[in-house]
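Report on the structure
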Amino acid sequence: MPSFSVITRNRDFRRLLGAELVVFGADWFVMVPLLVLLPKLTGSGVWGGLVLAADTGINALLLPFTGTIADRFDRRRILVIANVCAFLAALLLFAVRSAATAPLALVAIGAMSVAKAFYTPAASAALPNVVDADDLPAANAISGSAWGTMTIVGASLGGVVGAVAGAYWSFAVTAALLLVAAVLNFSVRRPLQAARADGESPPTWHALVEALRYIGARPRIRALVTVKSAAGLGNGVLIVFPLIATLHGVGTLGAGLLFAVRGFGALVGPFALSPVLHRRGWLLPCLALSMALYGAGYLAVSVTPWFPLVLVFVFVAHFAGGANWTLSNYALQGEVPDQLRGRVFATDLMLATLAITVSQLIATSVVDRVDERWILAGCGALTLTYAIGWRIATRKLTLTEEPSTLGRRE
């Protein structure tokens, strides 16, 4: 198990983690009520799918650029500005009151996605700079659980607040949380990146080409930046979460519970598999196993008629997904030098979010015509097939060597 003492010993890690918890919590606190509100206003499940696709698709398109920004400019400033911009975008959700104003939800979520595209690679690249090398495995396990922790809190509380007080109270809480995140990030004092050896950063286009050449020349990096795409290709299941809840007669609270159990799995996964972080030779096989388990979990959900058992299989799938995310992040942080880390993480996230967007758009295009169980089965089968193909392609690779660096250039 990871050492939680890194939280109490390291003020800057504590604040960076706190901001990350707030950002993830705000993300789902607003999303669950919105996904329930839009079908009520429009009479269609398509708008919910479009919102999810906008959230991931815009993010994916921007990540190649925002990754270079994370390597060229002050990461602390990037984090704070991203939080403030997301706060302003959240305020627009108060104007979503009818079918005619439903497109404003796309604008608001799209703007929040732009902010997240700047925030995520900067935060991921900054983590190794705020902890000592010996604390990095523990910090990764703890940070990797942040998404799951706040999906539980954000999704469950968002569902409760949305059901009891209405979606607009959820939007208000989201806006307030984003301001809290900005304050926490501003208060981090350690430098969030190492200085380049030449004292300057390359132009954006040159920086992007440099990162792509670095990835292309290293099979291990290529393998690691394609890991998260497996769960991404299965992410179309989120489109039918509200429909699954309705099918089982559990409504808004049930939809929130599905998202919360998803988060609980993502919370437990990084901790349960944290011993793997100390055994680099296990990383690639465990990554393949986690991808396969995610797909198998949703295949099981598609044929399960009992809602409590649905929750169990959703937990299993995202237990695997959370472990997958943490293991791949840790492996990349150990392999990639600081000067390239923001761009490599941006590429990693871009591929994952493109996979998510494709999956969600396909699910959205058929959600009003195809039984939701077939969508679940298709997403699960696609992820399982990808996992098998990825393991075959990477079977000769190993990560048994010591990490190349946490701040040194290869």
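Below, the structure is looked at part by part. Just so we're clear, the structure is a prediction, and the values are computed from it rather than from any experiment.

Scoring rules and cut-offs
- Every residue gets a number counted from 1 within its own chain, in the order that chain's sequence is written.
- Reporting in this predicted model follows two pLDDT cut-offs: at least 70 for local features of residues, and 80 or more for side-chain atom pairs to be given and counted; totals over whole chains, interfaces and linings ignore these cut-offs and use all residues.
- Processing note: side-chain calculations cover all non-hydrogen atoms of the structure and skip hydrogens and water entirely.
- Secondary structure elements are defined from DSSP: runs of H or I of at least 4 residues count as helices, runs of E of at least 2 residues count as strands, and each element is numbered from the N terminus.
- Only protein chains enter the accessibility calculation, which uses a 1.4 Å probe; a residue whose area is less than 20% of its type maximum is buried, one above 50% is exposed, and one in between is partly exposed.
- Residues count as neighbours in contact if any of their non-hydrogen atoms are within 4.5 Å of one another.
- Here the Shrake-Rupley method, with its probe set to 1.4 Å, supplies the accessible areas, and only the displayed protein chains count as covering residues.
- All axes here are fitted lines through C-alpha atoms, helices being fitted over the stretch that makes contact, and every angle between N-to-C directions spans 0 to 180 degrees.
- Throughout this description, any angle smaller than 35 degrees is read as roughly parallel, any larger than 145 degrees as roughly antiparallel, any in the 65 to 115 degree range as roughly perpendicular, and the remainder as oblique.
- By definition, turning the near helix anticlockwise from the far helix through less than a right angle yields a left-handed crossing, and turning it clockwise yields a right-handed one.
- Any pair of N or O atoms that falls within 3.5 Å is considered a polar contact. Within protein, one atom must be able to donate a hydrogen and the other to accept it, and sequence-neighbouring residues count only if both atoms are side-chain atoms.
- What goes into a patch is any residue over 30% in relative accessible area without a salt bridge, connected to like charges within 9 Å or, for nonpolar side chains (Val, Leu, Ile, Met, Phe, Trp, Tyr), within 5 Å.
- What makes a salt bridge here is a side-chain nitrogen of Lys or Arg within 4 Å of a carboxyl oxygen of Asp or Glu, nothing more.
- Throughout, the protein atoms alone are placed on a 1 Å grid, and a set of points is a cavity if a 1.4 Å probe fits but cannot get out or a pocket if it is open with protein on both sides within 12 Å along at least five of seven lines; lining residues have an atom within 4 Å of a point.
- Grid points are joined across faces, edges and corners, and a volume is the space filled by probe spheres set on the points.
- Think of it as three bins: nonpolar holds Ala, Val, Leu, Ile, Met, Phe, Trp, Tyr, Cys and Pro, charged holds Asp, Glu, Lys and Arg, and polar takes everything else, Gly as well.
- Note on aromatic pairs: the rings of Phe, Tyr and Trp (six-membered ring only in Trp) are paired at centre separations within 6.5 Å, and the planes decide the class, stacked below 30 degrees, edge-to-face beyond 60, tilted for the rest.
- Each ring is checked for a lysine NZ or an arginine CZ that lies within 6 Å of its centre and within 35 degrees of its normal; such an atom marks a charge sitting over the ring.
- As used in this record, nonpolar core signifies buried Ala, Val, Leu, Ile, Met, Phe, Trp, Tyr and Cys residues forming a set joined through side-chain atoms within 4.5 Å.

On to the overall build of the protein, then. Of regular secondary structure, the protein possesses 16 helices and zero strands. Taking all 410 residues of the protein together, 58% fall into the buried category. Taking the intrachain contacts of the protein between residues at least 6 apart in sequence as the baseline, contacts between residues at least 24 apart amount to 87%. Carbon and sulfur atoms make up 70% of the accessible area of the protein, which amounts to about 15,600 Å² in all.

Viewed as axis vectors pointing N to C, helix α14 (residues 307-335) and helix α15 (residues 338-366) meet at an angle of 150 degrees, and their least axial separation amounts to 11 Å. With respect to their mutual orientation, α14 and α15 come out roughly antiparallel. The element α14 and its partner α15 pack so that their crossing is right-handed. The residues of α15 that touch α14, namely those facing Trp325, Asn329, Leu332 and Gln333, are Arg341, Val344, Phe345, Asp348 and Leu349.

Bringing the side chain of Ser290 into the picture now. Tracing the backbone shows Ser290 in helix α13 (residues 283-302). For Ser290, a relative accessible area of 5% corresponds to the buried category. For Ser290, the side chain forms a polar contact with the main-chain oxygen of Leu287, separated by 2.7 Å. With residues up to four places along the chain from it excluded, the contact list for Ser290 reads Ala320 and Asn324.

Together, Val84, Leu88 and Leu91 make up an exposed nonpolar region whose accessible area comes to about 230 Å². Tracing the backbone shows Leu91 in helix α4 (residues 75-91).

Overall, the coordinates contain four cavities of 30 Å³ or more when judged by the stated rule. When its volume is computed, the second largest cavity comes out at roughly 160 Å³. Forming the boundary of the second largest cavity are 16 residues, of which Val23, Asp27, Ala86, Met112 and Lys116 lie nearest the centre. Of all elements in the fold, only α2 (11-42), α4 and α5 (103-130) reach the threshold of two or more residues within the lining of the second largest cavity.

A few words on the packing of α2 against helix α3 (residues 46-72). At a minimum axis separation of 8 Å, α2 and α3 run at an interaxial angle of 140 degrees. Contacts between α2 and α3 involve Met31, Leu34, Leu35, Leu38 and Thr42 from the former and Trp47, Gly48, Val51, Leu52 and Asp55 from the latter. The class makeup of the residues in the contact of α2 with α3 is seven nonpolar, two polar and one charged.

It is worth spelling out the packing of aromatic side chains at this point. If you walk through the whole model with that rule in mind, you get six aromatic pairs. Centre to centre, the rings of Phe65 and Phe118 are 6.2 Å apart; their planes meet at 85 degrees, and the pair counts as edge-to-face. With a gap of 53 residues between them, Phe65 in helix α3 and Phe118 in helix α5 connect regions that are remote in the sequence. Taking relative accessible area as the criterion, Phe65 reaches 38% and is therefore assigned partly exposed. On the accessibility criterion, Phe118 (23% relative accessible area) is partly exposed. Judged by centre distance (5.5 Å) and plane angle (90 degrees), the rings of Tyr168 and Phe171 are edge-to-face. Of this pair, Tyr168 and Phe171 both sit in helix α7 (residues 167-186), separated by three residues, roughly a single helical turn. A network of ring pairs unites the aromatic residues Phe94, Tyr168 and Phe171 as a single cluster. Looking at Arg97, its charged tip hangs above the ring of Tyr168, at a distance of 3.7 Å from the centre.

One finds Phe13, Leu34, Leu258 and Tyr298 to be the most contacted residues of the largest nonpolar core, which totals 83 residues. It is α2 that contributes the most residues to this core, 16 residues altogether. Excluding residues within four positions of it along the chain, Leu258 makes contact with Phe241, Ile244, Ala245, Phe307, Val310, Leu311 and Val314. Ile215, Ala223, Met291 and Ala331 belong to the second largest nonpolar core, which has 25 residues in total.

In this structure, the largest pocket spans a volume of roughly 270 Å³. What lines the largest pocket is a set of 20 residues, among which Leu35, Pro39, Pro242, Leu243 and Thr246 lie closest to the centre. Elements with a minimum of two residues in the lining of the largest pocket: α2, α3, α11 (241-247) and α12 (251-272). The leading source of residues in the lining of the largest pocket is α11, at four residues. For the lining of the largest pocket, the residue count by class is 11 nonpolar, eight polar and one charged.

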